[in-house]
Amino acid sequence: MALDAATFAYPGARTPALLDVSLAIEAGTVTGVTGAVGAGTSTLLLVAGGFAPRLTGGALSGRRDIATNRIGIVFATPWTQLTGLATTVRAEVAFGPASLGRPRGSVLAACGAALRDLGVEHLADRDPASLSGGELQRVVVASVLAMEPELLVLDDPAAELDPAGADALYALLPELARRGTAVLVATPDSERLARTAERVLVMEGGRVTRDGPPAAVLDDTDVARIARAAGCPAPYPLDVAALVARVVR
Amino acid sequence: MIGYVPGASALHRAHPYTPLAIATGLLLMAFAVSAPGAVWVVVAAAALFAASAGVLGTVLRPAAILALPTWVLLTILHGLLGGAPHVMLGPVAFSVPGGERALVFGGRLAAILLAFLTALATVSPARLVEAMTARGVPFGRVYLLVSTLTVVPRLRARVRQIVDAQQCRGLRLGGSPLARLRALGPLVVPLVLSALAEVDEQALALDVRGGTARGRRTALEPPEDSRADRAVRLAVLVAVVAAYAWKFLGAGG
Amino acid sequence: MSAAPGRGHAVRWEAVRFAYDGVEALRGVSLDVPAGTTLAILGPNGAGKTTLTRLLIGLLRPRAGRVSVGDWDVAAKRPDELAARVGYVFQHADQQLFERTVRRDVAFGPQRLGLGDGGVERALGELGLLGGAESHPYDLPAPARKLVALAGVLAMEPGVLVLDEPTAGLDRAGRDRVIAALRRRSVDGVTVVVVSHDLAFVAEVAERIVVLREGVVVADAPAGRLLGDAAALAPLGLEPPPAAAVGAALGLPGAPIRVEDCAAALGGVRWRGTGA
């Protein structure tokens, strides 16, 4: 996936939500996106995944190349991402591969693998409507993985999860990258980005203002805030081990 | 409750097209007959249909709530404005043929409501999707039909959330009719606006999952269409055709 | 008006049991929260946290036991009556907005309670919403709508404030504003109950922590003691928040759990120039 001088505005908006963004996302990598509310992180995901302007309307200028049509997207709110047509988790997860018309056995195999990846096999026979937000979000991610996407974009995918569930989800992303998927994940959670992403894009006012490894571009994890407030010179350590390594004893 | 009610009756286990065919058959029968007694026989048949699925108790209430205002209106209009002969009900002259017409129209309404609420309660949306998919019905049509059938249960949870939230902000439910009317705004507006705010995400999510893909979908567990199912649907067809033949030919001959 | 704005009430659950369709969500929970305390309820998804807090506002009724807010028995009150004492912010509160402007929506609750506009302006200011106060709520992104809903409850100036996952989906700036607003309520003497998965946030606001698991209380301790104790947290499936972890790793005095306390404890330390 590559963008060159991409600018995008939603229909009826006076100012573009994405401004002159150029970047390339490689297969087999996890790229993080972070920024304040309204900075354009969600819009970047929609444009990078090819969903805007195709489904949202609006106008895109600049160049965009997406080298795959197998693209998955996950939002923070699981209930908007259910088909509403399935009464079991298995049927929900199988919906995607089934819509590609793949043989029954292959659909069920993809479905089983995705349920295992997210650790929700035990929910396979439950009604999605009876699940908690956290369980549902894992089912939603499994539903998208069952499509075996080559480009996966996730918008704050752990907002509904408890810490253990969020850790498990973020630990899965590098594993997906190892299998060849290009992963693009937006979240305000810089702690988890610092641990998961090889590269982080920081956005402000629709532009990508910083782009590089987490240690070079992030400065607002709690540990970084502690270090800054305690007089540590930049670049600030992002996690506990890095901070301890910077202290002269 | 308007929507699917899980159960183990023969109708629940039947091919999803069968309860739909029976409901459609009852609707057509209600219009095939025109004597008040005959219409109410169809109503009784619809009630029997509901009872055989074990959902009579569940569908009676919404059917009554939906039918009552129309019944009252029909009775007043036809009873007061209908022709002679009249009977005196206290000071009011009530038209006998008008009353009969009200019975016919009211009965048709009752039969239709009972029949389709029963079909809604017995046909699992998921099985209907599978059945239609197995028959090669395009997904767009499947989605439109099934999402319409399931709209009430889907909105229920959200309505509950909004009612809870507004009560916690001091909104009092109940009270005088005017107070109830005033309370509607804080309940209905967020229902619509928050649903609209999510439509984009929903469309995207469905698109990603192949909802807009062309080509035939794989049916994973297509419901069995048994000989009994086909026999029942054939019987419904024969009965409806016979009733209309009687109505148009029998009456004329 | 029975609730004097800015004055907290004690909150008490006594041997409370609750079940959804026969599945027990709370199996005998007793907690006594003195007025003015900030309590955080932690636990994995499905532990019963939200159920416990919904009992406080009368949205759920216990199958057994008793819930009280100050001298009110919750069982005797409707949710809209309880709203005079208990402000409840739902996890997905962005779905409840309905007025044409942010300011009018925030003012809805205070108007129902017959309060003035002072609380409205204060809440809008605290959460950074004054700039967009005349916007339509649904023109704002979902995290901003969540802050609007929170402002709507803060503006009611309840004596007890209950928040379900208030930081989920918020950016750092929004999260900092919520922390500051809750600390101010605590200073005012308001009783605050937060349900959260965000341990770093909990460390910033909570005085006391209760951990629920499968409907029972498995830990109940002062925040400083529990969050600084990695050995006690591990069996609960939790890790110390970053400030506590830094404090423990460097053996900082006072075992800080908050960012500014940790930074203060680090004062005077010498830093290597680079991260190598």
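Residues numbered from 1 in each chain as written. Chains lettered and ligands numbered in written order. Predicted model: local features only at pLDDT ≥ 70, side-chain atom pairs only at ≥ 80, totals over all residues. Heavy atoms only, no water.

**Q** What is the right way to read the overall build of chain A from this model?
**A** Within chain A one finds nine helices and 10 strands. Radius of gyration (C-alpha) of chain A: 19 Å, near the 18 Å computed for a compact globule of 249 residues. Counting only C-alpha atoms and orienting by the principal axes, one finds that chain A spans roughly 60 × 45 × 30 Å. Counting over 249 residues, chain A shows a buried share of 53%. Considering only contacts in chain A between residues 6 or more positions apart, those separated by 24 or more positions represent 62%. When the accessible surface of chain A is totalled, it reaches about 9,300 Å², and 52% of it is carbon and sulfur. (Helix = DSSP H or I, 4+ residues; strand = E, 2+ residues; numbered from the N terminus. Rg over C-alpha atoms; globule rule 2.2 N^0.38 Å. Buried < 20%, exposed > 50% of the residue type's maximum accessible area, 1.4 Å probe, protein only. Contact = heavy atoms within 4.5 Å. Areas by Shrake-Rupley, 256 points an atom, 1.4 Å probe, with all protein chains shown as cover.)

**Q** Would you explain the overall build of chain C in this entry?
**A** Each helix and strand counted, chain C has 11 helices and 11 strands in total. Its C-alpha radius of gyration of 19 Å places chain C within 12% of the 19 Å reference for a compact globule of 276 residues. Seen through its principal axes, chain C has C-alpha atoms that stretch 55 × 45 × 30 Å. For chain C, buried positions account for 58% of its 276 residues. Only carbon and sulfur atoms are counted for the fraction: they give 50% of the accessible area of chain C, which is about 10,200 Å².

**Q** Honestly, the packing of aromatic side chains in this entry has me stumped. Any pointers?
**A** The geometry of an aromatic ring pair is captured by two quantities: the separation of the ring centres and the angle between the planes. With the rule as written, the count across this model stands at eight aromatic pairs over all chains. Considering the side-chain rings of Phe18 of chain C and Tyr20 of chain C, the 4.9 Å spacing of their centres and the 75° angle between planes classify their relative orientation as edge-to-face. Judged by its relative accessible area of 8%, Phe18 of chain C is buried. Following the ring pairs from residue to residue traces out a cluster consisting of Phe95 of chain A together with Phe139 and Tyr143 of chain B. (Phe/Tyr/Trp six-rings, centres within 6.5 Å; stacked < 30°, edge-to-face > 60°.)

**Q** Would you explain the pattern of salt bridges in this entry?
**A** Here the idea is simple: oppositely charged side chains can pair when their charged atoms come close. Tallying each qualifying case throughout the model produces 41 salt bridges over all chains. The partner of Asp167 of chain A in a salt bridge is Arg192 of chain A, with the nearest N and O atoms 3.0 Å apart. Taken together, the residues Asp167 of chain A in helix 5 (residues 163–178) and Arg192 of chain A in helix 6 (residues 190–196) connect sequence positions 25 residues apart. Its relative accessible area of 26% is what places Asp167 of chain A among the partly exposed residues. Judged by relative accessible area, Arg192 of chain A falls into the buried class, the value being 15%. The partner of Arg225 of chain A in a salt bridge is Asp176 of chain C, and the shortest N-O contact between them spans 2.7 Å. Highlighted residues: Arg225 of chain A in helix 8 (residues 222–229) and Asp176 of chain C in helix 6 (residues 172–187), drawn from two different chains. In this structure Asp176 of chain C comes out as partly exposed when scored by relative accessible area, which is 28%. (Salt bridge = Lys/Arg side-chain N within 4 Å of Asp/Glu carboxyl O.)

**Q** I keep staring at the domain arrangement of chain C and nothing clicks. Help me out?
**A** Buried accessible area, meaning the area lost when the parts come together, often serves as the stated size of an interface. Residues and elements named next belong to chain C. Taken as a whole, chain C is organised into domain 1 (1–85 + 158–223) and domain 2 (93–156). Computed over C-alpha atoms, the centres of domain 1 and domain 2 are 22 Å apart. Listed by partner, the interface residues are 18 residues for domain 1 and 12 residues for domain 2. Here domain 1 packs against domain 2, burying approximately 1,400 Å² in sum over the two surfaces, 64% of which is carbon and sulfur. (Domains from an automatic or database assignment. Buried area = accessible area lost by both parts, 1.4 Å probe.)

**Q** Looking at this structure, I do not really get the interface of chain C and chain B. What am I missing?
**A** Taken together, the 22 residues of chain C in the interface contact 20 residues of chain B. Counting each side, the surface lost to burial between chain C and chain B is near 1,900 Å², with a carbon and sulfur contribution of 60%. Of all residues in chain C, Gln95, Gln96 and Phe98 of chain C bury the most surface against chain B, accounting for 31% of the area lost on that side. Here chain C and chain B share two salt bridges between them.

**Q** Just to check I follow, could you spell out the domain arrangement of chain A for this structure?
**A** All names here are of chain A. According to the domain assignment, chain A contains domain 1 (2–214) and domain 2 (219–249). Here the C-alpha centre of domain 2 lies 31 Å away from the C-alpha centre of domain 1. If you look at the interface, domain 1 gives five residues, while domain 2 gives six residues. Both faces combined, the contact of domain 1 with domain 2 buries some 410 Å², and carbon together with sulfur accounts for 48% of it. Its largest share of buried area at the contact with domain 2, domain 1 owes to Ser190, Glu191 and Arg210, together 70% of the area lost on that side. Viewed at the interface, domain 2 and domain 1 are joined by one salt bridge. Of the charged contacts in the structure, one is a salt bridge between Asp219 and Arg210, with a shortest N-O distance of 3.5 Å. Our count for the contact surface shared by domain 1 and domain 2 stands at three residue pairs in polar contact (both at pLDDT 80 or more). Among the elements that make up the side of domain 1 that touches domain 2, the one with the highest residue count is helix 6 (three residues). (Polar contact = N/O pair within 3.5 Å; in protein donor to acceptor, adjacent residues only side chain to side chain.)

**Q** Honestly, the side chain of Asp171 of chain C in this entry has me stumped. Any pointers?
**A** Tracing the backbone shows Asp171 of chain C in the loop between strand 7 (160–164) and helix 6. Arg177 of chain C provides the closest opposite charge to the buried, salt-bridge-free Asp171 of chain C, at an N-O distance of 6.3 Å. Beyond its immediate sequence surroundings of up to four residues, Asp171 of chain C is in contact with Gly35, Ala36, Val37 and Pro188 of chain A. (Lys, Arg positive; Asp, Glu negative; His and termini not counted.)

**Q** Which parts of the structure should I look at to understand the packing of helix 8 (residues 151–168) of chain B against helix 9 (residues 177–208) of chain B?
**A** Residue and element names in this part refer to chain B. Where helix 8 contacts helix 9, the two axes come as close as 10 Å, and the packing angle between them is 125°. Taken together, the axes of helix 8 and helix 9 lie oblique to each other. Every pair of crossing elements has a handedness; the one defined by helix 8 and helix 9 is right-handed. For the pair helix 8 and helix 9, contact is made by Leu155, Arg158, Val159, Ile162, Val163 and Gln166 and by Pro186, Leu187, Pro190, Leu191, Ser194, Ala195 and Glu198, respectively. (Axes fitted to C-alpha atoms, helices over the stretch in contact; angles between N-to-C directions. Parallel < 35°, antiparallel > 145°, perpendicular 65-115°, else oblique. Left-handed = near helix turned anticlockwise from the far one by under 90°.)

**Q** Quick question: what am I supposed to make of the sheet that holds strand 5 (residues 72–73) of chain C here?
**A** The strands that make up a sheet pair up through hydrogen bonds in the backbone, lying either parallel or antiparallel. Residues and elements named next belong to chain C. Judged by pairing direction, the sheet is antiparallel, and its four strands sit side by side in the order 2-1-4-5 without closing on themselves. Among the strands making up the open sheet, the edge pair consists of strand 2 (23–33) and strand 5. Sheet analysis places strand 1 (residues 11–20) next to strand 4 (residues 64–69), joined by five bridges and oriented antiparallel. Looking across to strand 4, one finds that Arg17 is bridged to Ala64. (Pairing = 2+ DSSP bridges.)

**Q** Explanation requested: helix 3 (residues 102–112) of chain C in the structure shown.
**A** Three or four residues apart is the spacing at which side chains of an α-helix point the same way, because the helix has 3.6 residues per turn. Of all the residues in helix 3 of chain C, the buried ones are Val102, Asp105, Val106, Ala107, Phe108, Gly109 and Pro110 of chain C. Of the surrounding elements, those touching the buried residues of helix 3 of chain C are helix 9 of chain B together with helix 4 (118–126) and helix 5 (142–154) of chain C.

**Q** I tried to follow the interface of chain A and chain C on my own but got confused; where do I start?
**A** At the interface, 37 residues of chain A touch 35 residues of chain C. Between chain A and chain C, the buried area comes to about 3,200 Å², and carbon and sulfur atoms account for 61% of it. Our count for the contact surface shared by chain A and chain C stands at three salt bridges. Arg172 of chain C serves as the salt-bridge partner of Asp222 of chain A, at 3.2 Å between the closest nitrogen and oxygen. For the pair chain A and chain C, the number of links is 11 residue pairs in polar contact (both at pLDDT 80 or more).

**Q** Looking at this structure, I do not really get the environment of Val193 of chain C. What am I missing?
**A** Within the element layout of this structure, Val193 of chain C appears in strand 8 (residues 191–195). Val193 of chain C sits 53 residues away from Val246 of chain C along the chain, and the two C-alpha atoms are 27 Å apart.

**Q** Help me out: how do you make sense of the sheet that holds strand 5 (residues 71–74) of chain A in this one?
**A** Residues and elements named next belong to chain A. Taken in spatial order, the six strands of this open sheet run 5-6-7-3-8-9, and their pairing is mixed. Whereas interior strands pair on both sides, the edge strands pair on one side only; in this sheet they are strand 5 and strand 9 (207–212). For this sheet, the mean angle separating the axes of adjacent strands, direction not counted, is 15°. Pairing of strand 3 (residues 30–35) with strand 8 (residues 199–204) involves five bridges; the strand directions are parallel. Following the sheet pairing, Thr34 is matched in strand 8 by Val202. In the packing of helix 5 onto the sheet, the strands contacted are strand 3, strand 6 (151–155) and strand 7 (182–186), and the crossing angle to strand 7 comes to about 155°.

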